[in-house]
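Single-letter residue listing:
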Amino acid sequence: MDSFRIRGGQRLKGKIEISGSKNSALPILAACLLADGKTTLKGVPRLSDIDSMQKLIGELGCHVYRHEPAAAERRAAGAGPDLPSLNGPLDIEARDESKSEARYDIVKTMRASICVLGPLLAKRGKAIVSIPGGCAIGDRPVDLHVRGLQKLGAEFRTEGGNIVGEVRGRLKGCRMYLGGAQGPTVLGTINVLCAAVLAEGETVLVGAACEPEVVDCAEMLNKMGARIKGHGTPEIRIEGVDKLVGVEHRIIPDRIEVGTFMIAAAITNGELELKNCNLDHLIAVQDRLDEVGVKIQRQNGTIFASSTRRLNTVEMTTQPYPGFPTDLQAQLMALLCLGDGMSVITERIFPDRFLHVGELNRMGARIRKEGPTAIIQGVKELQGASVMASDLRASAALVLAGLVAKGTTQIDRVYHIDRGYEKIEQKLAAVGADIERVKEKH
Ligand code: EPU
């Protein structure tokens, strides 16, 4: 397994190009199962989770082809990291509709595999999807996905660790409440939405997730011929149609990657220019970072993030969109470790998502956990240490801490970070970080 070696203390300065959103691309790839003909997706990042989803829809009869960028474009980009804009478009076409099974092998590596459930039921009338187990950030049930699809008329049973779903005839639209104990569900909303687009009659999803990734998927479905209104609000209305056709679509920028690099600028007292961003998707993050003292400015699709040394303390609670995202909780915590006093972070989406606390404390942080809350007493400096990546965003927090820590930080198991950050070490090295990937010796 590869690791990262980071020598902390470099001030980051320069430009970083933001990749397309992982969490938008994953369900959108699954939604391509719904269309007749070829869909071309632009801005799909090169990540191991994307490889897993490509493999999954490939097994489900899709032809998937990644175009390579033209040699001339590569030459024009010159040396340095492979820019995300050089990622060729991805063509997806469902050619064989006879298969309906998402195997445990793939599902266990990537929970987003559950996104094929709705599209398979709507298009093929049958779905067998291995039940995703727990994961590092808590046990993540899929009951809301199943309940929503049941309300549309699908029938379910569990068999040998699989969810087996079937539809007699056609799904039927209805009005339903989709929220759960922790609020709305992002992938659950997308799953039910993807099924409702081909259902008979009108579906109204009340308590729907409002995340930009839901909106992105709905917009692609509308281009394909779906009739969806209200996406981006808690009430989505869907008028079922008979068929969808392949289209061209560009994935939105990865707001979590943007937030991570804004924090990288702040923690290193640096100055970063982030290209291909949508700051509207980060309003709560901007609000908290403002309070911490990070300077954030926008100019069209570019964000300038910088900070002076002093970091104020803040209180923050993760919330569904437009609130502060759980996917940036760990990274903000890394920053607040160096705050001028005591900060408080409460995790409301995944109350157990605190694996980074122990590792940050090994680097000299002073964080105390009390239930779903972490109390962070700012320290003057962090020290390099050997630490372990445990989940994607916790790993990003360790990278951020390593960038500013005194001495060398070794982060093991960086495959977690490769799942969701495209070439993070190349992007950081290009703006001055002293970071290298240490390949596992075989
Ligand atoms: N929940 C249920 N039942 C369900 C579904 C969800 O109780 O059937 C609960 C969850 O346990 C959680 C809450 O509802 O407490 C919200 O979970 P949600 O369903 O919204 O999460 P998700 O859709 O499975 C996506 C992202 C996560 C991100 C969350 C929250 C993808 C591939 N994953 O997961 O991203 O944290 O939304 O915003 O889009 C990451 O990228 O690191 C990541 C974990």
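This structure is a prediction, so every number in the text was calculated from the model and none was measured.

Structural notes on the overall build of the protein chain
For step 1, the next point in the chain: When its secondary structure is counted, the protein chain shows 15 helices and 26 strands.
For step 2, the next point in the chain: Here the protein chain has a C-alpha radius of gyration of 22 Å; the compact-globule value for 442 residues is 22 Å, and the two agree.
For step 3, the next point in the chain: C-alpha atoms of the protein chain, sized along the principal axes, occupy 65 × 55 × 45 Å.
For step 4, the next point in the chain: Intrachain contacts of the protein chain at a sequence separation of at least 6 include 75% that bridge at least 24 residues.
For step 5, the next point in the chain: Element-wise, carbon and sulfur atoms account for 47% of the exposed surface of the protein chain, whose accessible area totals about 17700 Å².

Observations regarding the site of the ligand
For step 1, the next point in the chain: Every one of the 22 residues lining the ligand counts as a neighbour, but Asp-143, Leu-144, Thr-185, Asp-327 and Ile-349 are closest to it.
For step 2, the next point in the chain: A distance of 3.1 Å separates an oxygen atom of the ligand from a polar side-chain atom of Lys-22.
For step 3, the next point in the chain: Interatomic distance of 3.0 Å between a side-chain N/O atom of Asn-23 and an oxygen atom of the ligand.
For step 4, the next point in the chain: Protein chains shield 89% of the accessible area of the ligand, which is 820 Å² for the free molecule.
For step 5, the next point in the chain: Going through the elements one at a time, helix 1 (22–31), helix 6 (143–151), helix 7 (186–196) and helix 13 (392–404) are the ones with two or more residues in the shell around the ligand.
For step 6, the next point in the chain: Ranked by residue count, the leading element in the shell around the ligand is helix 6, at three residues.
For step 7, the next point in the chain: Residues that form the shell around the ligand fall into these classes: eleven nonpolar, five polar and six charged.

Side note on the sheet that holds strand 8 (residues 126–130)
For step 1, the next point in the chain: The strand order across the open sheet formed by four strands is 7-8-10-9, and the pairing between neighbours is mixed. For this open sheet the edge positions go to strand 7 (101–102) and strand 9 (155–159), each flanked by a neighbour on one side alone.
For step 2, the next point in the chain: Direction of pairing for strand 9 relative to strand 10 (residues 162–166): antiparallel, over a ladder of five bridges. Opposite Thr-158, over in strand 10, you have Ile-163 as the bridge partner.
For step 3, the next point in the chain: The sheet contacts of helix 5 (residues 117–124) involve strand 8, strand 9 and strand 10, and relative to strand 8 the element is tilted by about 160°.

Concerning the sheet that holds strand 16 (residues 248–250)
For step 1, the next point in the chain: With mixed pairing, the four strands of this open sheet are ordered in space as 5-6-4-16. The outermost strands of the open sheet, each flanked by one partner alone, are strand 5 (62–66) and strand 16. Taken pair by pair, the neighbouring strands of this sheet meet at an average axis angle of 20°, ignoring direction.
For step 2, the next point in the chain: Two elements, strand 4 (residues 38–42) and strand 6 (residues 90–94), share four bridges in a ladder whose sense is antiparallel. Bridge pairing in strand 6 links Lys-38 to Glu-93.
For step 3, the next point in the chain: Relative to the sheet, helix 2 (residues 48–59) contacts strand 5 and strand 6, its axis offset from that of strand 5 by approximately 145°.

Notes on helix 13
For step 1, the next point in the chain: Buried residues dominate helix 13, accounting for twelve of its 13 residues.
For step 2, the next point in the chain: All buried positions along helix 13 are accounted for by Leu-392, Arg-393, Ala-394, Ser-395, Ala-396, Ala-397, Leu-398, Val-399, Leu-400, Ala-401, Gly-402 and Leu-403.

Describing unusual backbone geometry
For step 1, the next point in the chain: Omega for the peptide link from Tyr-321 to Pro-322 comes to 10°, which places this bond in the cis form.
For step 2, the next point in the chain: For Pro-322, the location among the structural elements is in the loop between strand 20 (315–317) and helix 11 (329–336).
For step 3, the next point in the chain: Phi is positive for Asn-269, close to 60°, though the residue is something other than glycine.
For step 4, the next point in the chain: Note that Asn-269 resides in the loop between helix 9 (255–267) and strand 17 (271–275).
For step 5, the next point in the chain: With phi around 50°, Asn-300 is a residue other than glycine that occupies positive phi space.
For step 6, the next point in the chain: Judged by its relative accessible area of 74%, Asn-300 is exposed.

What counts and what doesn't
Residues numbered from 1 in each chain as written. Predicted model: local features only at pLDDT ≥ 70, side-chain atom pairs only at ≥ 80, totals over all residues. Heavy atoms only, no water. Helix = DSSP H or I, 4+ residues; strand = E, 2+ residues; numbered from the N terminus. Rg over C-alpha atoms; globule rule 2.2 N^0.38 Å. Contact = heavy atoms within 4.5 Å. Areas by Shrake-Rupley, 256 points an atom, 1.4 Å probe, with all protein chains shown as cover. Near = heavy atom within 4 Å. Polar contact = N/O pair within 3.5 Å; in protein donor to acceptor, adjacent residues only side chain to side chain. Nonpolar A, V, L, I, M, F, W, Y, C, P; charged D, E, K, R; others polar. Pairing = 2+ DSSP bridges. Axes fitted to C-alpha atoms, helices over the stretch in contact; angles between N-to-C directions. Buried < 20%, exposed > 50% of the residue type's maximum accessible area, 1.4 Å probe, protein only.

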